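In case you want the letters, here they are:
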Amino acid sequence: MQRLLYLIQKEFRQIVREKIFIGIIFVMPVLQLVVIGFAVTTDVKNVSTVLVDEDNASFSRRLEDVLQTSDVFYYLGRLPNVAAARAWITEGKAQLAIVIPPGFEREVKSGRFPKIMILLDGVDGNSAGVTAAYVNLLARRLQREWGPQTRPLQNIHLLTLETRMLYNPDLKSVNNIVPGILAMLIMIITSYLTGMSIVREKEIGTLEQLMVTPIRNWELLAGKIIPLALIVMAVFNVGMVAARLIFGLWIKGGILGLELMAALFALSGLSLGILISTVARTQQQAMFLAWFFMVFSLLLSGFFIPIENMPPTIQAITYLNPARYFMVIIREIYLKGTPLKYLWGQAAAMTVFGALMFILASLRFQKRIA
């Protein structure tokens, strides 16, 4: 135990001595959280919109008023006809055109169901779909306002649907993205720092000096992992505080349970870093290999793309990715407050993967150093 404590002290002194490590560990995660948290969003705002009003009545003017005051739509004004609207969208001047046909107000008051045409720039299919949903919500809102002016029969509803969004009532994408960023930070720091730390000692020759001492292999690995694990957990807690101060987002579940799951996930990344260090000969090679595994782990974690939307073959591959399980855990605990007893499947899979990675890394480490 005394030898292990000496190794831990040595690692902390070496990390503090390297100023670039301090920046990587504490400054970069906060910057990534801020930049990615604000930049990566599925919310649609300021959609450049034009209106083609072929009816020129009170209802269409009410629609124009709503477009001018909405945060979603950036109203550019009226155009004379549909051809002009298509030209604006083709030239990139507008993303959305709303066309009100002639006699629209008259048909509404007579109880008919007139149609409003919308033209959308569909290059970005996701944004176009969200924009269409916003237009649909706007139409429903105006329909409720126009209801009393229609025939009495139009006010009779056999069924009313009331939709309530649970856990994220405002549908803010940042509430879903920020917990994923915290998971991503753990994955990046663990895989990079562990691989670079051991390879650096190989390059300067201090690792071979440690191997000829009475220090056992497991003590050497533990002495490398424990300081980095403590630093990763410190960064994770700094990230949670930053998410609270910057985005107003705080954990709804048990913080101790989330800390435990984060520690298990960090050990998986640290084990992967050790495995990388046994293959790489230089720090550049270690960084490249860590980047290679990190990109695949990130893309197959469900952070950007839901796993359910992936092809079946790719879905099967994601089961080998510990980030897949932790991404579910952190979002469930952060947003819904889900107890750990309902997440034992993800926790068990992540633990098994971490243990296997540590065993493989330890065996490979002994063989490589020898």
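Here is what the cut-offs are and how they apply
Numbering of residues starts from 1 in each chain and follows the order in which that chain's sequence is written. Totals for whole chains, interfaces and linings use every residue, but because this is a predicted model, local features are given only for residues with pLDDT of at least 70 and side-chain atom pairs only at 80 or more, for both listing and counting. The side-chain figures draw on all heavy atoms in the structure; neither hydrogens nor water molecules are used. Here, a salt bridge means any side-chain nitrogen of Lys or Arg that lies within 4 Å of a carboxyl oxygen of Asp or Glu. A residue's pLDDT is simply how confident the predictor is in it, with values from 0 to 100. Every residue pair with non-hydrogen atoms within 4.5 Å of one another is taken to be in contact. Helix and strand definitions follow DSSP, with helices as H or I runs of at least four residues and strands as E runs of at least two, each counted in order from the N terminus. Expected span, for any helix, means 1.5 Å times one less than how many residues it has. For the exposure calls, accessible area comes from a 1.4 Å probe over protein chains only, and a residue counts as buried if that area is under 20% of its type's maximum, exposed if over 50%, partly exposed in between. Along the arc lie the directions from the helix axis toward the C-beta atoms. Aromatic pairs are defined between Phe, Tyr and Trp rings, using the six-membered ring for Trp, whenever the two ring centres lie within 6.5 Å; interplanar angles under 30 degrees are classed as stacked, those over 60 as edge-to-face, and all others as tilted.

To continue, consider the pattern of salt bridges. For the structure shown, the criterion picks out four salt bridges. The structure contains a network of salt bridges with shared partners spanning Asp-53, Glu-64 and Arg-78.

Let's shift gears to the confidence of the model for the protein chain. For residues with low pLDDT, the predicted coordinates do not support detailed interpretation. Scored by pLDDT, the protein chain has a mean of 78; 78% of the residues are at 70 or more. Scored below 50 in pLDDT, residues 150-163 makes 10 contacts in the model with residues more than four places away or belonging to other chains.

Below, the discussion takes up helix H11 (residues 283-299). In this model H11 runs 24 Å from its N-terminal to its C-terminal C-alpha over 17 residues, within 8% of the 24 Å that 1.5 Å per residue would give. Of all the positions in H11, only Ala-286, Ala-290, Met-294, Ser-297 and Leu-298 are classed as buried. Projected down its long axis, H11 shows its buried positions confined to an angular sector of 90 degrees, all on one face.

Owing to its 3.6 residues per turn, the α-helix brings residues three or four apart onto one side. Its 12 residues place the ends of helix H3 (residues 58-69) 17 Å apart at the C-alpha level, agreeing with the 16 Å of an ideal helix rising 1.5 Å per residue. The set of residues buried in H3 consists of Phe-59, Ser-60, Leu-63, Glu-64, Val-66 and Leu-67. For H3, the angular spread of buried residues about the axis comes to 160 degrees, placing them on one side.

Okay, the packing of aromatic side chains next. Applying the stated criterion across every chain yields a total of four aromatic pairs. Between the aromatic rings of Phe-288 and Trp-291, the centroid separation amounts to 6.0 Å while the plane-to-plane angle is 35 degrees, which identifies the pairing as tilted. Here Trp-291 and Phe-288 lie together in helix H11, a separation of three residues that amounts to about one turn. Look at Trp-291 and you get partly exposed, because its relative accessible area is 43%.

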